[in-house]
Amino acid sequence: MTLTGRHSRPGRARLQRALLDSGVMPAAWLPAFEAVDRAWFLPTVMWPFDMAASSSVTRDRAADPDAWFAAADANVPVTTQWDDGRHTGPEPGRVSTSSASMPSVVMAMLDDLDVRPGHRVLEIGTGTGWNAALLAHRLGSDRVITVEVDPTVAATAEKALHAHGLHPTVVTGDGLLGYPPAAPYDRILATAGLREIPYAWVEQTVPGGVIVAPWGTRLTNADHVVRLVVADDGRSASGRFTTPVEFMKVRSQRPDRLDQAAYLPDGFPGDAAVSVTTLTVRAAGFEDAIRHPFMAVAALSVGDCVLLVDRRGAAVSVWLYGLSDRSWAAALLDDATPESVVYQSGSRRLWEELEAAYRWWTGAGGPTADRFGLTIDRRGEYTWLDVPTNRLGG
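Residues numbered from 1 in each chain as written. Predicted model: local features only at pLDDT ≥ 70, side-chain atom pairs only at ≥ 80, totals over all residues. Heavy atoms only, no water.

Caption draft 1: Representation of the environment of L323. Its place among the elements puts L323 in the loop between β17 (315–322) and β18 (328–333). Given a relative accessible area of 39%, L323 falls into the partly exposed group. Between the C-alpha atom of L323 and that of G303, which follows or precedes it by 20 residues, the distance is 8.7 Å. Residue contacts for L323: discarding those within four places in its chain leaves R218, L258, Y263, D304, C305 and V306. (Helix = DSSP H or I, 4+ residues; strand = E, 2+ residues; numbered from the N terminus. Buried < 20%, exposed > 50% of the residue type's maximum accessible area, 1.4 Å probe, protein only. Contact = heavy atoms within 4.5 Å.)

Caption draft 2: Looking closely at the pattern of salt bridges. A complete count under the given rule lists 19 salt bridges for this structure. Across the pair D73 and R9 runs a salt bridge, and its minimum N-O distance is 2.6 Å. Placement of D73 in the loop between α3 (65–72) and β6 (78–82) and of R9 in strand β2 (residues 7–9) is noted, with a sequence separation of 64 residues between them. Taking relative accessible area as the criterion, D73 reaches 7% and is therefore assigned buried. Of the residues examined, R9 reaches a relative accessible area of 1% and is grouped as buried. Of the charged contacts, one joins D310 and R312 as a salt bridge, the two residues approaching to 3.5 Å between their closest N and O atoms. For D310, a relative accessible area of 40% corresponds to the partly exposed category. Look at the salt bridges and you will find they share partners, linking R9, R12, D37 and D73 into a network. (Salt bridge = Lys/Arg side-chain N within 4 Å of Asp/Glu carboxyl O.)

Caption draft 3: How the structure looks around the sheet that holds strand β8 (residues 121–124). Pairing within the open sheet is mixed, and its nine strands lie in the order β10-β9-β8-β11-β12-β13-β14-β20-β21. Lying at the two open borders of the sheet, with one neighbouring strand each, are β10 (169–172) and β21 (380–385). Neighbour-to-neighbour, the strand axes of this sheet turn through a mean angle of 20°, independent of strand direction. In this sheet, strand β9 (residues 144–148) lies alongside β8 in parallel orientation, the contact comprising four bridges. Across the sheet, E123 pairs through a bridge with T146, a residue of β9. In this fold helix α10 (residues 293–301) packs onto β12 (205–215), β13 (223–230), β14 (237–245), β20 (372–377) and β21, with an angle of close to 30° to the strand it touches most, β20. (Pairing = 2+ DSSP bridges. Axes fitted to C-alpha atoms, helices over the stretch in contact; angles between N-to-C directions.)

Caption draft 4: Summary view of the sheet that holds strand β19 (residues 340–345). The five strands are arranged β15-β19-β18-β17-β16 in an open sheet whose pairing can be described as antiparallel. Both outer strands of the open sheet, β15 (273–277) and β16 (305–312), are each paired with one neighbouring strand and no more. Within this sheet the neighbouring strands show an average axis-to-axis angle of 20°, counted without direction. Bridging between β17 and β18 involves six bridges; their strand directions are antiparallel. Opposite S317, over in β18, you have L332 as the bridge partner.

Caption draft 5: Here's a closer look at the packing of aromatic side chains. Counted by the stated rule, this structure contains 16 aromatic pairs. Between F294 and Y358 the ring centres are 5.0 Å apart and the planes differ by 85°, which places this aromatic pair in the edge-to-face class. One end of the pair, F294, is in helix α10; the other, Y358, is in helix α11 (residues 350–363), with 64 residues separating them in the sequence. This pair shows no difference in class: F294 is buried, exactly as Y358 is. Three or more aromatic residues joined by ring pairs make a cluster, and in this case those are Y263, F268, W319, Y321, W328 and Y343. (Phe/Tyr/Trp six-rings, centres within 6.5 Å; stacked < 30°, edge-to-face > 60°.)

Caption draft 6: View of the nonpolar core. With 56 residues, the main nonpolar core has I197, W201, F286, F294, L320, W351 and L354 as its most contacted residues. The contact partners of F294, leaving out residues within four places of it in the chain, are A284, L354, A357, Y358 and W361. Residues W130, L135, A160 and V225 belong to the second largest nonpolar core, which totals 34 residues. (Core = buried A, V, L, I, M, F, W, Y, C linked by side-chain atoms within 4.5 Å.)

Caption draft 7: Geometry of the packing of helix α4 (residues 103–113) against helix α5 (residues 130–139). In the contact formed by α4 and α5, the axes pass within 11 Å of each other and the chain directions differ by 45°. Judged by the angle between their axes, α4 and α5 are oblique. Note on packing geometry: the crossing formed by α4 with α5 is right-handed. When α4 is examined against α5, the residues P103, V106, M107, L110 and L113 are found in contact with a partner set consisting of W130, N131, L134 and L135. (Parallel < 35°, antiparallel > 145°, perpendicular 65-115°, else oblique. Left-handed = near helix turned anticlockwise from the far one by under 90°.)

Here it is in structure tokens:
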């Protein structure tokens, strides 16, 4: 049992055991986990995510230290900054902009990273500093460089690291550029969601090196961790998706706020064409974009589009908005009803694109997300099924 002041920490021991028993945390990371306390890197007022209520709650160490430490030791994400630092007061803000990830996700990504003694690691997104601390304990502070775009977040993390005898290099800057002065790296780890992985990271990683990052499309806020291995010639990187996750997006790739009035200037349904669909919420996974395998396929297949879902009692409202034009589609789906009406407008028939993706997915036997992968080279990036030569979209 670990003690912090007068506060018992049984939750930390339970978390450690759960991470080990589930296989998420390899035994090689156990010494770092035991030595580097997540609580060291959390602010006195923080906002852990309540999974049951699907909302953030306030935990104040001064007002209720037991509840604060229980949250620090729980397998939940913890928001540590709202609204890019403009937020004040104890209540949750509007947009979560910095956080401590779920320990299980942290460990899964570190496992994917597969660090070895002597490796040099570049971390993109310092956040609280806990991840950099784990790496520094495992590899040595001189082997770890971490980049954070927010000066206040970077300074707070560096202060916490130094307070506990850890001295990785903390850089304030744009992590999408990597950090050329110290390149090349054996490993690059991103801790913010991306909609495009910079080729600069490939250029700054040694041949055979590994890049681990949460990647997704603009269709939903869902990501999958992708583990890329840099080719022997150093000109490309390729690898499969691993863990389904949902990360805060890097600031320059955050989604824009949609203006529905711009899509429907004359109100709903405007000039929409009307058709019928047999897609259901359950079959397509509209309410589980992170874990449902078809949602991963939809994200890879229906490009330049945003999906918004809203439950209304027994029915679910599903909207698709094109990002390259003002095309849109909408349906109100009820799993008790075999057919639902669809409205579509614009040069694209977005619902038909979604249905085509569903037919492809079912015809291919319903492949899960771990069969898909991503390749990056100088020309850009593309996704594939099973092998890089089997590109999606031809």
